[in-house]
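Notes for the structure review
Now for the letters of each chain:
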Amino acid sequence: MMIGKRMEQALNEQIKHELESAYLYLGMVAYFQAEGLDGMAGWMEVQAQEEIAHAMRFFRYINERGGRVELKALAQPQKEWASPLEAFRAAYEHERFITGKINDLLKIAEEEDDNAAEIMLQWFVTEQVEEESSTKRVVDLLARVGDSGHGLIMVDRELGTRRAEAAGAEGRSA
Ligand code: OFO
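Residues numbered from 1 in each chain as written. Predicted model: local features only at pLDDT ≥ 70, side-chain atom pairs only at ≥ 80, totals over all residues. Heavy atoms only, no water.

**A short note on the overall build of the chain**
On a plain count of helices and strands, the chain comes out with five helices and zero strands. What you see in the chain, going N to C, is helices and strands ordered as α-α-α-α-α. Along the three orthogonal principal directions, the C-alpha set of the chain runs to about 55 × 35 × 25 Å. With 174 residues in all, the chain has 42% of them scored as buried. Relative to all contacts within the chain whose residues are 6 or more apart in sequence, the contacts with residues 24 or more apart total 81%. Here the chain displays about 9600 Å² of accessible surface, and carbon together with sulfur accounts for 52% of that area. (Helix = DSSP H or I, 4+ residues; strand = E, 2+ residues; numbered from the N terminus. Buried < 20%, exposed > 50% of the residue type's maximum accessible area, 1.4 Å probe, protein only. Contact = heavy atoms within 4.5 Å. Areas by Shrake-Rupley, 256 points an atom, 1.4 Å probe, with all protein chains shown as cover.)

Structure representation (structure tokens):
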């Protein structure tokens, strides 16, 4: 069955939200790089790539269901944060916002009796649990180290391992 107009529009909005996530996180990559925090920059770069993958899931889904993808304008993202903790707090808040959007989409799927969309969206429900928990974990770590320069370097080093893991995974699947 072809996708309904209401769902098609809502999913096109979601592609925009996912790309906005990528854009916001790339803004954070630039901020962390400027601060000399390469581990955090690497972590956020992997995060931004995941967001593009999320957008592409919706992109492909709309097409598979016979709909038409419509790309929207993206606003310029924030460039500066008061501290790495504030940046990660903003990322966590943004993930909660996205979780709300996924829940709204599920409601639409129910109202429209769109089982296929509902099943596709289940993946995102699980993914958002992971997204919220991974950003919250870093917020908690940074809150704990406070103003300690040594602590910040330790956290930066740990977060830097994510990029190495992601690169390893790419190597394996290639
Ligand atoms: Fe970060 O989960 Fe998509 O936006």
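There is more to say after this.
**Considering the pattern of salt bridges**
Considering all chains together, one arrives at 13 salt bridges under this definition. Here Lys-107 ties to Asp-104 by a salt bridge, and the two come within 4.0 Å at their closest N and O atoms. Remark: Asp-104 and Lys-107 occur in helix α3 (residues 84–111); sequence separation between them is three residues, near one turn of the helix. We classify Asp-104 as partly exposed; its relative accessible area is 37%. When the shortest N-O distance is used, the salt bridge between Glu-158 and Arg-137 registers 2.8 Å. Taken together, the residues Glu-158 in helix α5 (residues 149–173) and Arg-137 in helix α4 (residues 115–145) connect sequence positions 21 residues apart. The exposure class of Glu-158 is partly exposed, given its relative accessible area of 36%. (Salt bridge = Lys/Arg side-chain N within 4 Å of Asp/Glu carboxyl O.)

**Overview of the environment of Glu-45**
Counting through the fold element by element, Glu-45 comes out in helix α2 (residues 38–64). Taking relative accessible area as the criterion, Glu-45 reaches 28% and is therefore assigned partly exposed. In this structure, the C-alpha to C-alpha distance between Glu-45 and Arg-162, residues 117 residues apart in sequence, is 9.6 Å. The residues contacting Glu-45, other than those within four sequence positions of it, are Val-29 and Arg-163. A polar contact is formed between the side chain of Glu-45 and the side chain of Arg-163, at a distance of 3.1 Å. (Polar contact = N/O pair within 3.5 Å; in protein donor to acceptor, adjacent residues only side chain to side chain.)

**Looking at the nonpolar core**
In terms of nonpolar packing, the biggest core is built from 23 residues, with Met-28, Phe-32, Met-40, Met-44 and Phe-88 touching the most fellow members. Counting only elements with at least two residues in this core, the list comes to α1 (5–34), α2, α3, α4 and α5. Counting residues in hydrophobic clusters, the runner-up holds 20 residues, among them Ala-10, Tyr-61, Ile-62 and Leu-105. (Core = buried A, V, L, I, M, F, W, Y, C linked by side-chain atoms within 4.5 Å.)

**Section: the side chain of Glu-8**
Structurally, the position occupied by Glu-8 is in helix α1. Engagement of the side chain of Glu-8 in a polar contact is seen with the side chain of Lys-5, the distance being 2.6 Å. Here Glu-8 is in contact with Ile-3, Ile-62, Gly-67 and Arg-68, once residues within four sequence places are set aside.

**Quick notes on the packing of aromatic side chains**
Following the criterion strictly, the structure yields six aromatic pairs and no others. Between Tyr-31 and Phe-32 the ring centres are 5.4 Å apart and the planes differ by 50°, which places this aromatic pair in the tilted class. Of the two residues, Tyr-31 and Phe-32, neither departs from the other in class, the shared state being buried. Through a chain of ring-to-ring contacts, the aromatic side chains of Tyr-31, Phe-32, Trp-43, Trp-81 and Phe-88 assemble into a single cluster. Positioned above the aromatic ring of Trp-43 is the side chain of Arg-162, whose terminal nitrogen or guanidinium carbon lies 4.3 Å from the ring centre. (Phe/Tyr/Trp six-rings, centres within 6.5 Å; stacked < 30°, edge-to-face > 60°. Lys NZ or Arg CZ within 6 Å of the ring centre and 35° of its normal.)

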